[in-house]
Protein chains: 2
Amino acid sequence: MPRLTDARKELRRTQITEAALRCFSRKGLERTSIAEITAESGLSAGSIYTHYRNKAELVQASAHAALAKHAELLGTYAASQSPPDPDELLARLIDGIDPVKSRVAVQVWGEATVDPIIRGVLVDMIDRLRSMMQTCIEAWLVKLEGLEPAEARERAAPIAQRVLALYLAELLHTSLQSPTEQAAS
Amino acid sequence: MPRLTDARKELRRTQITEAALRCFSRKGLERTSIAEITAESGLSAGSIYTHYRNKAELVQASAHAALAKHAELLGTYAASQSPPDPDELLARLIDGIDPVKSRVAVQVWGEATVDPIIRGVLVDMIDRLRSMMQTCIEAWLVKLEGLEPAEARERAAPIAQRVLALYLAELLHTSLQSPTEQAAS
DNA sequence: GTCTATACGATGATAGAC
DNA sequence: GTCTATCATCGTATAGAC
């Protein structure tokens, strides 16, 4: 197994998706052309197509990468020894929102409306977010509010649901606030 | 002033946007071609371009139409004699969500991320929604909770903010639940 | 005002050299 | 694996007849 080769391969793929994410944040998932991604990545069209079968695959990979970063942040809190209360959790998550990534995230929402694969990626990620929030809130209810594990689990679910909703709304809000450097089509 | 002519003109325009909205709901704002809208509307490309300067203008008009319908529903509650409490208000709004329109609405969010004009339309509509929610909640606080108008106004704002957030999140949820009849790009 | 037919541009994707 | 050059396709927008 050529481990080094695989690692380099993956490195190239992320190099491409990183460049793509920057382009998407400026022009959107659809209106970004492959040419722009080649310019941003410093690679060529041919090279990109050896790593991704077509543009749809690249968009999917980029969407996954964009959403995963949101989950990463939450993961650190979920694993924390002293879990924050729901308000504090929400505040920290909001504080961690990156305007650039928020734009791509909201674009992914729109695309998920129409593309089943992107939708699968998004639904999956949202479920993971909710699950992690629930874990975090559950731990808080047990450790700091003194609830029984059984009752904590029961009460954590609806709270997590609402924290998630407020977080998503804030994501939308952020994506609309940050200025666009791009003229209308 | 040829009033009848203007009325017919407006009628044609809505006929076009209605057809466009159905197409958008299936294929998205960008991947819907003018040809598909002509087919859906029963008109021709030439006809459409006499009513809208270009596709961007048509998308803007359609976006406005899609969002306005959400506001209409809320307007009836805001003007109601017996305003519902926040939970009930939210429940009714959610109950009134149309899956087809929810998809277009979320697509508009994504587009607003990139297109300043669409963003203006969206931000405007969101502000109107929040304002109407606030009015509704304010009336409820005064009439049914017996608060002073001054305090009601103060306390209504953050509640409206949260109801709005929960509503938007539910809109996203609905847009992801309804099945897509369209293959990936 | 509406249609048919078309020009023009843009873009996704590939072939073949290195 | 990567690049350059190219192709084929598709979609917007327009011109001109009715």
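Keep in mind that what you see is a predicted model, and the values were worked out from it rather than measured.

Parameters and conventions
- Residues numbered from 1 in each chain as written.
- Chains lettered and ligands numbered in written order.
- Predicted model: local features only at pLDDT ≥ 70, side-chain atom pairs only at ≥ 80, totals over all residues.
- Heavy atoms only, no water.
- 1 Å grid on protein atoms, 1.4 Å probe; cavity = no way out; pocket = protein on both sides within 12 Å on 5 of 7 lines; lining within 4 Å.
- Points joined across faces, edges and corners; volume = space filled by probe spheres on them.
- Nonpolar A, V, L, I, M, F, W, Y, C, P; charged D, E, K, R; others polar.
- Near = heavy atom within 4 Å.
- Polar contact = N/O pair within 3.5 Å; in protein donor to acceptor, adjacent residues only side chain to side chain.
- Helix = DSSP H or I, 4+ residues; strand = E, 2+ residues; numbered from the N terminus.
- Contact = heavy atoms within 4.5 Å.
- Buried area = accessible area lost by both parts, 1.4 Å probe.
- Salt bridge = Lys/Arg side-chain N within 4 Å of Asp/Glu carboxyl O.

Caption draft 1: Highlighting empty space enclosed by the protein. Considering all chains together, one arrives at three cavities of 30 Å³ or more under this definition. By volume, the largest cavity is sized at about 230 Å³. Around the largest cavity, the lining comprises 18 residues; the ones closest to its centre are A:Glu30, A:Gln107, A:Glu111, B:Glu30 and B:Glu111. For the lining of the largest cavity, a count of residues per class yields four nonpolar, six polar and eight charged.

Caption draft 2: View of the protein's contact with DNA strand D. Taken together, 15 residues lie near DNA strand D, and A:Arg12, A:Ser44, A:His51, B:Ile34 and B:Tyr49 sit nearest. When atoms of DNA strand D within 4 Å of the protein are split into backbone and base, the sugar-phosphate part holds 76%. Residue A:Lys9 places a side-chain N or O atom 3.0 Å away from a phosphate oxygen belonging to DNA strand D. Within the side chain of A:His51, one N or O atom sits 2.8 Å away from a phosphate oxygen of DNA strand D. Counting residues per element, the ones that place at least two in the surface near DNA strand D are α1 (3–27) and α3 (45–51) of chain A. At four residues, the largest contribution of residues to the surface near DNA strand D is made by α3(A). By residue class, the composition of the surface near DNA strand D is three nonpolar, nine polar and three charged.

Caption draft 3: Quick peek at the interface of chain B and chain A. Each partner contributes residues to the interface: chain B has 39 residues there, and chain A has 40 residues. Carbon and sulfur atoms supply 65% of the area buried between chain B and chain A, which totals about 2900 Å² over both sides. Three residues stand out in chain B for area buried against chain A, namely B:Thr113, B:Val114 and B:Leu176, and they jointly supply 22% of the buried area on that side. The interface formed by chain B and chain A holds four salt bridges in total. Our count for the chain B to chain A interface comes out at four residue pairs in polar contact (both at pLDDT 80 or more). No other element matches the nine residues that helix α8 (residues 149–177) of chain B contributes to the side of chain B that touches chain A. Residue composition of the side of chain B that touches chain A, grouped by class: 20 nonpolar, 10 polar and nine charged.

Keep in mind these numbers describe shape, not what the thing actually does.
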